[in-house]
Amino acid sequence: MSVMVGSLTESMVPEEDVQQGLNSTVENSTSSDHVQQATQNARVELAFTLSVLVGLFQVALGLVQFGFVVTYLSEPLVRGYTTAASIQVLVSQLKYVFGLQLGRSRSGPLSLVKTFVEVCRKLPETVVGTMVTAIVAGVALLMVKILNDKLHQHLPLPIPGELLTLIVATGISYGVNLNKTFGVDIVGTIPAGLVPPKAPNPQLFARLVGNAFAIAVVGFAIAISLGKIFALRHGYRVDSNQELVALGLSNFIGGLFQCFPVSCSMSRSLVQETTGGNTQVAGAVSSLFILIIILKLGELFQDLPKAVLAAIILVNLKGMLKQFADIWSLWKANRLDLLIWLVTFVATILLDLDLGLAVAIGFSLLLVVVRTQLPRYSILGQVPDTDIYRDVAEYSEAKEVPGVKVFRSSATLYFANAELYSDALKQRCGVDVEHLLAQKKKRLRRQERRLKRQQKEQQKQQQKQQRKAKQAASPNGTSISVAVDASLGDLKGRDVEDSRAKVSPANAQEDVAAGGQEEARAPEASTLKALGLPRPDFHSLVLDLGALSFVDTVCIKSLKNIFRDFREIEVEVYIAACHSPVVTQLEAGHFFDASITKQHVFVSVHDAVTFALQHSRSGPSSPVLATKL
């Protein structure tokens, strides 16, 4: 937070701009001091105005329950993020450990890498006295912590190693004069007393609003990440919205007293935890001491070496740096969580805390989508003499019910995996549905063309017969019998007419019967068996939708297509274990109609299987009946 605020104030209030705005008639030495003072005042005003804006954002986010975003901060993400933040803190303290003078503070992508490269480049300029002071203080503090761990059962209170280190280091620095003798950088003048309140500058709001929001989110992320880590250690729950409001009020009220934006201090939080402070009392006592130091005791720590403060911070980062062990444990436990940890860590190191957090959350959500696209699909079998159905690939006792396929997915069905669900269903059922449907359509078209040709040939034959009958009944056809006796001719004529009259009804009945047989054979002709195609080895398909928590329009269309395609290959489809909210959503999406009714929905898989066995198709014409259900 300090690096982000510092880089913002330096970029928005550069010293050169302030110097150009001042009157150049003043003497050079006085002018330089005046420029520095004016620059400092402008940056302070920018910082506390920023603090007020950050506080307003955090309070507003807390009131609108923005804390729900914490649900997207998984434990691997939080631990990777805090580990990267600890590296940020470590690198920021190196200049105090080696006594280096670096350029202005950086923020943004690759800022940590650039700072580390600059530290390495300036290592030859290391102040030996500063480095020795940091090493001695760090070793002494580490020994005190080891002693506390060894004797914690015998000590009524832990030895305050940090406080003793500060007091001893300040005394030695004052007595030996480390600053002048060895060039050790010290804290210096600490102003005493409280600064009077001052209203922020509203004209700066427009320039600061974007950075204020980013700092507000990063501050919340740091606070809630540390809070979740300590909550897991000590067994309590963190209210994220309460944390937002508390942080916002702290920054808003602090901004009125010319404070810059703050968040949870990783180093100070770890120091407090390791010294045994676990309640609000520890925070109250710590705040009281800080107030006393600000008012009266600040000048006593003017000779405190900065290297000692850096050593205290680095020693207390040990707990956070131990989180690198997560890499090995996650590698053995869950490699997708390890991927989240690594992506969060690398993104935060390279892109800084704000962009790193955004990338980590985005990647984590993307991984959730990918996980739903790659669920476990399984064919279920019945455990003998029970109503329990389990994956036949995992349970040797589970056997498939003859004639019934039970299919289950471990993830909910929605637009991102609906097509994958359909493909996996057809693959696990062992039937190439698309090929079978294509062959059926092809043979039906061929059969239809054959029937049309037969009808045309029949029509031609009928037309020929009609022409012959007309020729036989015409006068030219009877002229050859003129020489025959008229009475005999009349009798024969009447006999012919009677015979025609007798034959006509019979022929009509035969035509009707033939038509009826053709109509009766039409459904049979469209079955897979009649078309010469292989039938699936099951007559019913049960979809176990117990994993569905919601459905969307793509899911509904996909389920309808499954019903349609499997019915075309003479397989009836049923739905089982569907929760009532999902059924309500199916109704709202118009899933049920004349062909798909609620009679296809069952409470359990066993109910659906029992119904399917009782209503299995026995006749070749039943598929058409099922298709038109």
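A. Up close: the side chain of Lys-145. Mapped onto the elements, Lys-145 comes out in helix α6 (residues 128-151). Classification of Lys-145 as buried rests on a relative accessible area of 13%. A distance of 2.8 Å separates a polar atom in the side chain of Lys-145 from a polar atom in the side chain of Glu-162. Discounting chain neighbours no more than four positions away, the residues touching Lys-145 are Glu-162, Thr-274, Val-315 and Asn-316.

B. Up close: helix α22 (residues 580-588). Every buried residue of α22 is listed here: Val-582, Val-583 and Leu-586. Each buried residue of α22 lies within a common arc of 100° when the element is viewed along its axis, so the set occupies one face. Facing away from the buried side of α22 by more than 90 degrees, the exposed set consists of Ser-580 and Ala-588. His-590 sits one or two positions beyond α22 and adopts a positive phi of about 60°.

C. Highlighting helix α16 (residues 335-373). In this model, α16 (39 residues) spans only 17 Å end to end at C-alpha, well below the 57 Å of a helix rising 1.5 Å per residue. Where α16 bends most, at Asp-352, the angle is about 140°. For α16, the side-chain oxygen to backbone nitrogen distance between the N-cap and Leu-336 is 3.0 Å, and the N-cap itself is Asn-334.

D. Spotlight on the pattern of salt bridges. Taken as a whole and assessed by the stated rule, the structure comprises 17 salt bridges. Residue Glu-400 pairs with Lys-405 through a salt bridge whose shortest N-O separation is 3.0 Å. Its relative accessible area of 10% is what places Lys-405 among the buried residues. The partner of Lys-452 in a salt bridge is Glu-448, with the nearest N and O atoms 3.9 Å apart. In this pair, Lys-452 and Glu-448 are both assigned in helix α18 (residues 433-473), four residues apart and thus about one turn of the helix distant. Looking at Lys-452, the relative accessible area reads 47%, which means it is partly exposed. Accessibility expressed as a relative area gives 43% for Glu-448, which makes it partly exposed.

E. Geometry of a positive patch on the surface. A contiguous patch of positive charge on the surface is contributed by Lys-441, Lys-442, Arg-445, Arg-446, Arg-449, Arg-450 and Arg-453. Along the chain, the position of Lys-441 falls in helix α18.

F. Representation of the nonpolar core. Membership of the largest hydrophobic core comes to 46 residues, with the highest contact counts inside it found for Leu-50 and Leu-208. Top contributing element to this core by residue count: helix α9 (residues 205-234), with 13 residues. Apart from residues no more than four positions distant in its own chain, Leu-208 is found in contact with Leu-8, Met-12, Leu-46, Thr-49, Leu-50 and Leu-53. Cys-429, Leu-543, Cys-555 and Leu-559 belong to the second largest nonpolar core, which has 39 residues in total.

G. View of a nonpolar patch on the surface. On the surface, a cluster of nonpolar side chains totalling about 750 Å² of accessible area is made up of Leu-194, Leu-288, Ile-290, Leu-291, Ile-292, Ile-294, Leu-295, Leu-297 and Leu-300. With respect to the helices and strands, Ile-290 occurs in helix α12 (residues 280-297). Given a relative accessible area of 39%, Ile-290 falls into the partly exposed group.

H. Spatial organisation of the environment of Ile-222. Examined against the element boundaries, Ile-222 turns out to sit in helix α9. What makes Ile-222 buried here is its relative accessible area of 11%. For the pair Ile-222 and Met-266, spaced 44 residues apart in sequence, the C-alpha separation works out to 8.3 Å. Those residues in contact with Ile-222 that lie beyond four places of it in its chain are Met-1, Tyr-81, Ser-263, Cys-264 and Leu-353.

I. Just the packing of aromatic side chains, in detail. Under the counting rule described, the total for this entry stands at 16 aromatic pairs. Ring geometry for Tyr-377 and Phe-407: centres 5.8 Å apart, planes at 15°, overall stacked. Note that Tyr-377 is positioned in strand β1 (residues 377-382) and Phe-407 in strand β3 (residues 404-409), a separation of 30 residues in sequence. Judged by its relative accessible area of 11%, Tyr-377 is buried.

J. Here's a closer look at the side chain of Gln-58. Of note, Gln-58 is situated in helix α3 (residues 28-63). Exposure remark for Gln-58: the relative accessible area of 0% places this residue in the buried category. Within the structure, Gln-58 has its side chain in polar contact with the backbone nitrogen of Gly-248 (distance 3.3 Å).

K. Highlighting the sheet that holds strand β4 (residues 540-544). The strand order across the open sheet built from six strands is β2-β1-β3-β4-β5-β6, with neighbouring strands paired in mixed fashion. If you trace the sheet from one side to the other, it starts and ends with β2 (389-391) and β6 (601-602), each paired once. Bridging between β1 and β2 involves three bridges; their strand directions are antiparallel. Each bridged residue has a counterpart across the sheet, and for Gln-382 the counterpart in β2 is Tyr-389. Here helix α17 (residues 418-428) sits on the sheet and contacts β1, β3 and β4; the angle it forms with β1, its principal contact strand, is near 45°.

L. Structural detail: the pairing of strand β5 (residues 572-576). The buried fraction of β5 is high, at five of five residues. What you see with β5 is no split at all: Glu-572, Tyr-574 and Ala-576 on one side and Val-573 and Ile-575 on the other are buried throughout. Taken together, the five bridges between β4 and β5 define a ladder with parallel strand orientation. Looking at the pairing, Val-542 lines up with Tyr-574 of β5. Each parallel crossover has a hand, and the one from β4 via helix α21 (residues 553-568) to β5 is right-handed. Where β5 lies against β6, two bridges are found, and the strand directions are parallel. Note on β6: the bridge partner recorded for Ala-576 is Phe-602. With α22 bridging β5 and the parallel β6, this β-α-β connection has right-handed handedness.

The rules behind the values
Every chain begins its residue count from 1, and numbering advances along the sequence as written. With pLDDT at 70 or above as the cut-off, local features in this predicted model cover only qualifying residues; side-chain atom pairs require 80 or more to be listed or tallied, and sums for whole chains, interfaces and linings still use all residues. The basis for every side-chain value is the complete set of heavy atoms in the structure, and neither hydrogens nor water enter the calculation. Only DSSP runs of H or I with at least four residues qualify as helices, and only runs of E with at least two residues qualify as strands; both kinds are numbered from the N terminus onward. Buried means the residue's accessible area, taken with a 1.4 Å probe over protein chains only, is under 20% of the maximum for its type, while exposed means over 50%, and partly exposed covers the values in between. Pairs of N or O atoms within 3.5 Å make up the polar contacts considered here, provided that, within protein, one atom can donate a hydrogen while the other can accept it, and that residues adjacent in sequence are counted only when both atoms are side-chain atoms. Residue contacts are defined here by distance: any two heavy atoms, one from each residue, within 4.5 Å place the two residues in contact. The arc in question is the one spanned by the directions pointing from the helix axis to the C-beta atoms. The span you would expect from a helix comes to 1.5 Å times its residue count less one. Two axes are fitted around each residue, one to the seven residues ending there and one to the seven starting there, and the angle between them is reported as the bend at that residue. Note on definitions: salt bridges are taken to be side-chain nitrogens of Lys or Arg within 4 Å of carboxyl oxygens of Asp or Glu. To count toward a patch, a residue needs a relative accessible area above 30% and no salt bridge. Like charges then connect within 9 Å, nonpolar side chains (Val, Leu, Ile, Met, Phe, Trp, Tyr) within 5 Å. Residue-level accessible areas treat just the shown protein chains as cover; the underlying method is Shrake-Rupley with a 1.4 Å probe. A residue counts as positive if it is Lys or Arg and as negative if it is Asp or Glu; His and the chain ends are not included. Just so you know, the charge point we use is NZ for Lys, CZ for Arg, CG for Asp and CD for Glu. Nonpolar core, defined: a set of buried Ala, Val, Leu, Ile, Met, Phe, Trp, Tyr and Cys residues in which side-chain atoms within 4.5 Å join the residues together. Planes of paired rings set the category: under 30 degrees apart is stacked, over 60 is edge-to-face and the rest tilted, where pairs are Phe, Tyr or Trp rings (Trp by its six-membered ring) whose centres lie within 6.5 Å. A pair of strands is labelled paired if DSSP reports no fewer than 2 bridges between them. Note on geometry: axes are C-alpha line fits, over the in-contact stretch for helices, and angles between N-to-C directions span 0 to 180 degrees. Look down the strands so they point away from you; if going from the first strand over the helix to the second traces a clockwise path, that crossover is right-handed.

Function-wise, these values are silent; they only describe arrangement.
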